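Structural characterization, general
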There are 2 protein chains.
Amino acid sequence: MEQHSNILKYKHLGIYTQNENVVYMREDCHVCVSEGFEALTRIRISNLDISIVASLNIINSDILLPNEIGLSDAAEKKLNLSHNETLYVSHLEPIESLSHVRAKIYNQKLDYNAYSEIITDIVEGDYSNIHLSAFITACAGGRMDIEEISNLTKAMIVSGKQMDWRKEIVVDKHCIGGLPGNRTTPIVVAIVTAYGLTMPKTSSRAITSPAGTADTMEVLTNVALSIEEIKEVVKKEGGCLVWGGTAQLSPADDVLIKIEKALDIDSEGQLIASVLSKKAAAGSTHVLIDIPVGETAKVRSTEMAEQLKGHMETVGKAVGLEVKVIITDGTQPVGNGIGPTLEAIDILKVLKNESDAPNDLAERALLLAGELLELSGKVKSGMGNQIARQILESGKAYEKFIAICKAQGRFTLPVLAPYKIKIKAEKSGVLERIDNRKIAKLAKLSGAPQSKSAGILLNVHLKDIIEKNQLLYTIYAESKGELDYALEYKNSHDDIITII
Amino acid sequence: MEQHSNILKYKHLGIYTQNENVVYMREDCHVCVSEGFEALTRIRISNLDISIVASLNIINSDILLPNEIGLSDAAEKKLNLSHNETLYVSHLEPIESLSHVRAKIYNQKLDYNAYSEIITDIVEGDYSNIHLSAFITACAGGRMDIEEISNLTKAMIVSGKQMDWRKEIVVDKHCIGGLPGNRTTPIVVAIVTAYGLTMPKTSSRAITSPAGTADTMEVLTNVALSIEEIKEVVKKEGGCLVWGGTAQLSPADDVLIKIEKALDIDSEGQLIASVLSKKAAAGSTHVLIDIPVGETAKVRSTEMAEQLKGHMETVGKAVGLEVKVIITDGTQPVGNGIGPTLEAIDILKVLKNESDAPNDLAERALLLAGELLELSGKVKSGMGNQIARQILESGKAYEKFIAICKAQGRFTLPVLAPYKIKIKAEKSGVLERIDNRKIAKLAKLSGAPQSKSAGILLNVHLKDIIEKNQLLYTIYAESKGELDYALEYKNSHDDIITII
């Protein structure tokens, strides 16, 4: 039997497909011909060290030679390739865990082992977007019970790195479907670490919003720290405010969340597993979950929020977390600024107890900090808010915040964007509604979060009595073009802020 | 407000992604920067005439210049592009029908309008593979009732071209999950058109099997006819045996079937809608469905087959088709040859009533032809098989078959492949089992259907008494390499044919 030489030379094509592993080969390449590969065939690609699975795209132009092979950036990175390296291509053995996905499609209940095998293969990159979408869909629509959600969460926790702070109590917080401007996290971390609790906060960058906590904190300090650096900051200050991307916690979640975004669904099971697996993998023991409810928030009714609360607390217990869920007002943005720099300015005002600090942001942060103090068991029930307030008003929270920023490498004052336009009321009346989604969209069109100082500065709140020509908000941008672009959107949408 | 100039120059990259529309733009392209496009963003691409939706892949190499744009072959074809043409790129308006997909994910029942909007957008190419997979999954697992399957089928019928033969009765047949070698269709068409019925048969090429009816017929005649040519052949001979690919019947089905293949599922609803929409769009009025049942056939139990039969007949009625389903033996291949040429040889032997014609193939074809004659109402119940047999034995079916081939442009005699190897029994005993899937795989590895004369010629059947060294089958190939490749598979799988 002669040996088949499925060997090709690697050429960098630089095609970025997000997570998906795609392999490019010529139609007339000897491997495609002899193996009978066709477009979308899933193929195993190996170098001497590593092997991955990728979906085939067939090339019929000269961007590749017949003896060359290309890969998407995601796949190139996983194989750690250099130009001209030799790759070996082979048929894919069946992905065994897909039989569990098919079982789930056919309404069967999966056990821990099944979820574990699925999550392991997802982290390996063995699933195509078609497989991922089928898994997400099969698990949505209430087709997972609490036991399954717990098993999925456990499988996700162990799929990546797990942090261990060698502390009995490690607190964390999470907000489900953040409201624009609702940047309580830095204030909460400052208060509870000033009290003496351990709160190693890893946050995400914006995925669909005008700012994530990591984007906002990056205005003030460094957030892209290595795990070793994070450990040092936490050892010194009891907490941190860093970007979670380097930590590789619950990596399957990062893959699944992009598919959910493409489908624009948020299945309860995936949501709970996503949030709690990240928290458990980050080494938290006590987690406060904030669910803002409002018609333009992610959770639209108290009923849905109550159900989510019950399920989250049950799953939390099953995976060994002390979880408390609070339901808050999600009818309007919190704070004045929307966008990294504008939110950073709000945070500093609150921490410095300045007279023009946004009161709603301060009170929301105090509520959460108080709940966290009580959840930890270190503060008596009913006393949390008061103690949090004392820490904030005494300046200790501000001191701690600056200390954390400096421990992370720098503290920088925020600077406003050079271009702005003031939007004024076209009539008098009562402010009836602020559309969270549209005001967020406006902030994004102005350039946030890529342009850190872009965004919206709100001057009004729900139920305010508005005079004609009163300032409603200011749009900030880093370029004239972006300012115009946001303004164009504002002019074609008269329901961003509704006055009646 | 200044005009944003989202204009790029088209460059042919020749990337074949199967159906999916993919657009390639440089990371530093002015449109990506100003619009905030990122990988996997769904974008609208237009030239002066047409507009399509595509998923973005970001390029960071010099296969594109910053002012250039590339497209996958599927997208290029839809826009009918030439090099250097100017394309306009814009944000995608929301795809409204995705709200129906989300409703289905959340277990809601969809009505005709919802299915119609979904299918229209799928045919337009507006759905990414992620959306298609979610739709397929949400519809699987028994989550569609008969009314929904009927509505999906109706929506698929009108989504493409519909043929009208201006005949009261137009018959057709379909086999669910074909068995290797089971090439009854050409014989059935010859018999029933010789009787005088209209049977304009469009068939597919192989998707996963070693031969489709179109591949086999192509050995004997032309099958890639235009719709006008098909109409002429049918007008002249009452029937045809052509490839259905040019007819654009139920085009959504072609898209969905590839996603189902990638997921390796066959949901009942999609299967019924797929088969019946193609038949109705092809202008059939009376359709015979053959479901072979066997442990290595597509349908594995009589129970499943009976349920499918009931649902198919009900949906058939709902969409205005007279459907009859028969359940047949699917425990072994039918006929001797597996592969286009070898099957064509079997067909000619049966039609010419040769003494070494495969009897199982002849009897299966007579069963189906007889049922079709009765289903049409032109032949009394119980008389179909006998009349079909008279037509076959009289030579009229052969005459008609040759006439159809000639009307399609040629009749060519099949020629065997140059390389072959005889596989003999390693022991004596009774032939207990033939694995349909593995014998099909063996035929594919020998080169079928791309190499038309490659494949397997079986000499034995279930329950045969086998002597040691008796010839079991011959592998045919067009090259030494392919023959070796098939042999390698045979040598590592001792359960292709089981003798005990």
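Parameters and conventions
- Residues numbered from 1 in each chain as written.
- Chains lettered and ligands numbered in written order.
- Predicted model: local features only at pLDDT ≥ 70, side-chain atom pairs only at ≥ 80, totals over all residues.
- Heavy atoms only, no water.
- UniProt positions renumbered as here; feature names shortened; annotations may be inferred.
- Pairing = 2+ DSSP bridges.
- Helix = DSSP H or I, 4+ residues; strand = E, 2+ residues; numbered from the N terminus.
- Salt bridge = Lys/Arg side-chain N within 4 Å of Asp/Glu carboxyl O.
- Buried < 20%, exposed > 50% of the residue type's maximum accessible area, 1.4 Å probe, protein only.
- Contact = heavy atoms within 4.5 Å.
- Least-squares fit on C-alpha atoms with pLDDT ≥ 70 in both.
- Phe/Tyr/Trp six-rings, centres within 6.5 Å; stacked < 30°, edge-to-face > 60°.
- Lys NZ or Arg CZ within 6 Å of the ring centre and 35° of its normal.
- Domains from an automatic or database assignment.
- Buried area = accessible area lost by both parts, 1.4 Å probe.
- Polar contact = N/O pair within 3.5 Å; in protein donor to acceptor, adjacent residues only side chain to side chain.
- Core = buried A, V, L, I, M, F, W, Y, C linked by side-chain atoms within 4.5 Å.

The name given to chain A in an unreviewed UniProt entry is thymidine phosphorylase, and the organism recorded there is Gillisia hiemivivida. Of the comments in the UniProt record for chain A, the one headed Catalytic activity (unreviewed entry) reads "thymidine + phosphate = 2-deoxy-alpha-D-ribose 1-phosphate + thymine".

Digging into the sheet that holds strand 13 (residues 337–338) of chain A
All names here are of chain A. Spatially, four strands are ordered 13-16-18-14 in an open sheet, and the strand pairing comes out antiparallel. Strands with a single pairing partner mark the edges of an open sheet, and in this sheet they are strand 13 and strand 14 (419–424). Bridge analysis of strand 13 against strand 16 (residues 455–458) gives two bridges, and the strand direction is antiparallel. What sits directly across from I338, in strand 16, is I456.

Some remarks on the pattern of salt bridges
Per the counting criterion, the structure on display carries 48 salt bridges over all chains. Here E148 of chain A ties to K104 of chain A by a salt bridge, and the two come within 3.0 Å at their closest N and O atoms. With E148 of chain A in helix 6 (residues 146–157) and K104 of chain A in helix 3 (residues 98–105), this pair connects stretches of sequence that are 44 residues apart. Given a relative accessible area of 2%, E148 of chain A falls into the buried group. Between E354 of chain B and K352 of chain B there is a salt bridge, with its nearest N and O atoms 3.7 Å apart.

Overview of the environment of S72 of chain B
Residue and element names in this part refer to chain B. Inspection of the secondary structure assignment puts S72 in the loop between strand 6 (68–71) and helix 2 (73–79). Take S72: its relative accessible area is 0%, and that puts it in the buried class. Apart from the residues lying within four places of it in its own chain, the contact partners of S72 are I15, T17, E20, N21, V22 and Y24.

Quick word on the pairing of strand 7 (residues 86–91) of chain B
On any regular strand, side chains alternate: one points to one face of the sheet, the next to the other face. All names here are of chain B. Direction of pairing for strand 1 (residues 7–10) relative to strand 7: antiparallel, over a ladder of three bridges. Within strand 7, the residue paired with L8 across the bridge is L87. Here four bridges tie strand 4 (residues 42–46) to strand 7, and the two strands are oriented antiparallel to one another. Looking across to strand 7, one finds that I43 is bridged to H91.

Structural notes on the relation of the copies chain A and chain B
It takes a turn of 179 degrees to lay chain A on chain B, together with a shift of 0.1 Å along the axis; the resulting RMSD is 0.1 Å. Classification of the inter-copy transformation places it as that of a two-fold axis.

Section: the packing of aromatic side chains
Enumeration according to the criterion identifies two aromatic pairs over all chains in this entry. Above the ring of W243 of chain A, the side-chain terminus of R205 of chain A is found at 4.8 Å from the ring centroid.

Digging into the domain arrangement of chain A
Residue and element names in this part refer to chain A. Examined at the domain level, chain A breaks down into domain 1 (7–91), domain 2 (98–157), domain 3 (171–247 + 282–407) and domain 4 (419–499). If you average the C-alpha positions of domain 3 and of domain 4, the two centres end up 26 Å apart. Every contact between the two is made by 28 residues of domain 3 and, on the other side, 21 residues of domain 4. Counting the surface lost from both domain 3 and domain 4, the interface buries some 1900 Å², and carbon and sulfur atoms represent 57% of this. Scanning the region where domain 3 abuts domain 4 turns up two salt bridges. When the shortest N-O distance is used, the salt bridge between K452 and E218 registers 3.1 Å. The tally of links from domain 3 across to domain 4 stands at 11 residue pairs in polar contact (both at pLDDT 80 or more).

Looking at the interface of chain A and chain B
Listed as interface residues are 50 residues of chain A and, on the opposing side, 50 residues of chain B. Summed over both partners, the interface of chain A with chain B comes to about 4400 Å²; 55% of that surface belongs to carbon and sulfur atoms. The tally of links from chain A across to chain B stands at two salt bridges. Between R102 of chain B and D264 of chain A there is a salt bridge, with its nearest N and O atoms 3.9 Å apart. Applying the counting rule to chain A against chain B returns 22 residue pairs in polar contact (both at pLDDT 80 or more).

Structural notes on the nonpolar core
A general tendency of soluble globular proteins is for nonpolar side chains to be buried together. Counting 104 residues, the largest nonpolar core has I122 and I289 of chain A together with I122 and I289 of chain B as its most contacted members. Setting aside its immediate chain neighbours within four residues, I289 of chain A contacts H174, I176, V275, L276, M312, V323, K324, V325 and I326 of chain A. M217, A357, A369 and A397 of chain A belong to the second-largest nonpolar core, a separate cluster that totals 45 residues.

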